[in-house]
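# Close look at the chain arrangement
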Amino acid sequence: MTSILNADLHCHSVVSDGTLTPEQLAARASANGVELWALTDHDEVGGLQRAAAAAKAHGMKYLTGAEISVTFAGETLHIVGLGFDASDPRIQQGLMTTRGGRGPRAMEMAAGLAAVGIPNAYEGALKFVGNPELISRTHFARFLVESGVCKDTYEVFRRYLTEGKPGYVPHRWATLKDAVGWITQTGGVAVIAHPGRYKFTANEEYALFSEFKAHGGQGVEVVTGSHTVAEYVEYATVAKEFGLAASRGSDFHSPDESHTDLGTLPYLPGDLTPVWELLADRIQ
């Protein structure tokens, strides 16, 4: 399978913080010409059986997926796992532990918002949650838009949900070593998601890629919804420097919120190893 493949290996359903069901996502991906698809909900594999069945019904090739939240150098970053055995207790237990901190954090966020005159934000956010274990800032943002506090989710994050703002509460996620281990020990490939989004210094980024590789990480998202064309080039170079395979994914969450639709990204640069070449025997 070459780099000229419409693969979309990063998107979210109602099982985490997307607004479409796994079945609706599969239909949308198929309609947009996606040939190889993965659902990568945050810290959760609960939608994967439905996604696999829907992919099969639409004639798409499919990989298991999840996006794991990691704390590294004081920042939150995301590691996408692809092609792992989702029934393995090691990854299921790891993800359950990671999810466990979200509830108390959400209550603290609601308290912070209440203190600046926005009551009942926890109850409001819950209306947008498919899975209460996975309540997140995105759900609070949707509530604040619905209730007229802000005009869109970008404004909510800027005014209320980023560091130093009233509704921001940091969370300690998995370690990089743990996240990569859960994926690789269960037969999958670990991929650094959208590296252009992180606010790392050059030294911190070098440390991230070095440590990721040392723990057995094998891939990086080069072409993804939040990257600029310059970042496609930058992370293609990083992939080659560290000997990593390249992944491609829209990071699609919602027809109303996402800039990049499923299956609409440019192809991977041809001189990179596509991550799906490492996963040929795991594609369903």
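Refer to the structure presented above.
Values in this document were obtained by computation on a predicted structure and should not be read as measured data.

### Re the nonpolar core
Leu9, Trp37, Ile79, Val222, Val275 and Trp276 are the most contacted members of the largest nonpolar core, which has 70 residues in total. When residues of this core are assigned to their parent elements, the largest contribution, 6 residues, is made by helix H10 (residues 229–242). Counting residues in hydrophobic clusters, the runner-up holds 19 residues, among them Ala121, Ile135, Phe140 and Leu144.

### Looking at unusual backbone geometry
Despite not being glycine, Asp43 shows a phi value in the positive range, around 55 degrees. Note that Asp43 resides in the loop between strand E2 (36–38) and helix H2 (48–57). For Asp43, a relative accessible area of 0% corresponds to the buried category.

### Structural notes on the sheet that holds strand E5 (residues 75–82)
Taken in spatial order, the 5 strands line up as E4-E5-E6-E7-E8 in an open sheet, and their pairing is mixed. Of all the strands in the sheet, the pair left with one neighbour each is strand E4 (65–72) and strand E8 (245–249). Averaged over all pairs of adjacent strands, the angle between their axes in this sheet comes to 40 degrees, without regard to strand direction. Pairing of strand E7 (residues 219–224) with E8, which is carried by 5 bridges, proceeds in the parallel orientation. Directly across from Val220, in E8, lies its bridge partner Ala246. Helix H9 (residues 202–214) rests against E4, E5, strand E6 (189–192) and E7 of the sheet, and its axis sits at about 175 degrees to E6.

### A word on the pattern of salt bridges
Per the counting criterion, the structure on display carries 12 salt bridges. Here Asp43 ties to Arg102 by a salt bridge, and the two come within 2.7 Å at their closest N and O atoms. Here Asp43, found in the loop between E2 and H2, pairs with Arg102, found in helix H4 (residues 102–114); they are 59 residues apart in sequence, far enough to count as distant. Neither residue differs from the other here; Asp43 and Arg102 are each classed as buried. The closest approach of N and O atoms between Lys151 and Glu155, which form a salt bridge, is 3.9 Å.

Here is what the cut-offs are and how they apply
Residues numbered from 1 in each chain as written. Predicted model: local features only at pLDDT ≥ 70, side-chain atom pairs only at ≥ 80, totals over all residues. Heavy atoms only, no water. Core = buried A, V, L, I, M, F, W, Y, C linked by side-chain atoms within 4.5 Å. Buried < 20%, exposed > 50% of the residue type's maximum accessible area, 1.4 Å probe, protein only. Helix = DSSP H or I, 4+ residues; strand = E, 2+ residues; numbered from the N terminus. Pairing = 2+ DSSP bridges. Axes fitted to C-alpha atoms, helices over the stretch in contact; angles between N-to-C directions. Contact = heavy atoms within 4.5 Å. Salt bridge = Lys/Arg side-chain N within 4 Å of Asp/Glu carboxyl O.

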